[in-house]
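Secondary and tertiary structure notes
As a plain string of letters, each chain reads:
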Amino acid sequence: MENFPKYYLELIKTWSKFLSIQSPINKNDILNQQLFGNIKIQYNKKPIFFANFGKSGIHTIKDIWDEETKNIKSDNFIYNTLKDKRNWISEWTRLKLAIPKLFKDRLKNVHVDPEPPKNGYYIKNTFEFYDKQNKVVIPSEISLKLIQYSLNLDIVPNCQIKWNIQYNSELPWKKIWINLNKSMSSRKANQISWKIVHNIIYTEQKLFRIGKSNNGKCHFCKTENETLTHLFHSCNIIMVVWEHIFDALKTYNVLNNTVYIPLSEELIILGMYDYNKKYNVITNTIMNTVKWIIWKCRNIIKYQSKSFTSSQLIAYAKRELSSLIESMDKSLSSKKENFAAEIKLIINLIH
Ligand SMILES: [Zn+2]
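Summarised in this report is the structure supplied together with it. Keep in mind that what you see is a predicted model, and the values were worked out from it rather than measured.

1. Observations concerning the overall build of the protein chain
The number of helices and strands found in the protein chain is 18 helices and seven strands. Looking at the protein chain as a whole, 24% of its 351 residues qualify as buried.

Okay, structure coming up:
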């Protein structure tokens, strides 16, 4: 199983889960189960078939279930119903043993009738799809997403697997996505950060691989390959920018007597998600804006043949942050206003 492609494992797992919801789940489905030749009603691992019962009008579970006593009908009743009385007790005993315990338990419990499907969809033994409201659903109208949702499958974006491997851990993705959404930076800045986490930035390396870049090199340092992590973190020109930003954050932390989270590639790529809510918002707003400036300047170099030094980038980021704060001042709740004031403080600490 180890070397089995993950895709097939998932497929088998999903199919098994799917089959498990196929067993009849509501009382009527169980009552209408055929007793004979039914794969779900087996004795000694084989479906049973007793002609005498069929000829006497006993076909389904309903025919041998006593609703009043909530139990299988009495031996007396069966004896009186059967046309041929020979050999009846042995067949009747086997039949009783063949009825799955699950069926009996469900029939006995009044409260599970009708049991609402736990998953969004379920299949009756007539092979029709039903939804939660017990309405027939046309299979072609069920989207894959809904099936995944109804089977409680986790839909894991590829990028999560990539970063889990890169940073060698099962990252707390829920927190990461929530914090990414809470940043107060501009829409464009938030979009860039979102694209970075999703690993869908068209870096020169990506373009190079599909023959759309001359050399795949970084526009800032012109020497290293422009990969996502190089462009936004490890390029020596960009690194200086982050060092200045994080120096300011360090001073801010010292002033506030709070813990300083040091600069790291993981922090730049995924954003701040593991600190207190306020600090997460503040630092992500700043980092997203800086990432946006990096991307914007990279494109200016690429398409307008200009160049940027680290200190020009820092000055640009400070200007962008200041105008962000100004636009915030007008229409903010007092809580966010407070955040804006803190960001202003940090901008003044960036040298
Ligand atoms: Zn570079």
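2. Digging into the environment of valine 197
Here valine 197 is to be found in helix α11 (residues 187-197). For valine 197, a count of 20 C-beta atoms within 10 Å gives the class buried. For the pair formed by valine 197 and tryptophan 163, sequence separation is 34 residues and the distance between their alpha carbons is 8.4 Å. Once you skip the residues sitting within four places of it in the chain, valine 197 turns out to touch Cys159, Leu180, Ile269 and Leu270.

3. Comments concerning the nonpolar core
If you look at the biggest cluster of nonpolar residues, it comprises 45 residues, and the most contacted ones within it are Val241, Ile245, Ile286, Val290, Ile294 and Ile346. Among the elements of the structure, α11, α13 (228-234), α14 (236-256), α15 (265-270), α16 (277-304), α17 (310-330) and α18 (334-349) are those that each provide at least two residues to this core. Residues in contact with valine 241, not counting those within four places in the same chain, are Val290, Ser310, Leu313, Ile314 and Ala317. Among the nonpolar cores identified, the runner-up in size contains 13 residues, and Leu35, Ile58, Trp65 and Ile99 belong to it.

4. Let's talk about α16
Each full turn of the α-helix corresponds to 3.6 residues, which orients residues three or four apart in the same direction. In this model, α16 (28 residues) spans 40 Å end to end at C-alpha, consistent with the 40 Å of a helix rising 1.5 Å per residue. A positive phi of about 50 degrees marks serine 305, the residue just after α16.

5. What about unusual backbone geometry?
Leave glycine aside and you will find that most residues have negative phi; peptide bonds, for their part, are mostly trans. A positive phi angle, close to 55 degrees, is found at lysine 70, a residue other than glycine. Tracing the chain through its elements places lysine 70 in the loop between β3 (65-66) and β4 (71-72).

6. Thoughts on the environment of isoleucine 41
Along the chain, the position of isoleucine 41 falls in the loop between α2 (27-31) and β1 (42-43). Overall, isoleucine 41 belongs to the partly exposed group, with 18 C-beta atoms counted inside 10 Å. Expressed as a C-alpha distance, the spacing of isoleucine 41 and phenylalanine 103, which sit 62 residues apart in the sequence, is 9.9 Å. Not counting residues within four places of it along the chain, the set of residues in contact with isoleucine 41 comprises Gln33, Leu35, Pro47, Ile48, Ala98 and Ile99.

7. Quick notes on the environment of histidine 351
Structurally, histidine 351 can be placed in the segment after α18. Taking the number of C-beta atoms within 10 Å as the measure of exposure, histidine 351 has 10 and is therefore exposed. Residues histidine 351 and isoleucine 245, 106 residues apart in the sequence, show an inter-C-alpha distance of 8.2 Å.

About the criteria used
Residues numbered from 1 in each chain as written. Predicted model: local features only at pLDDT ≥ 70, side-chain atom pairs only at ≥ 80, totals over all residues. Helix = DSSP H or I, 4+ residues; strand = E, 2+ residues; numbered from the N terminus. Buried ≥ 20, exposed ≤ 12 C-beta atoms within 10 Å, placed from the backbone. Contact = placed C-beta atoms within 7 Å. Core = buried A, V, L, I, M, F, W, Y, C linked by C-beta atoms within 7 Å. Expected span 1.5 Å × (residues − 1).

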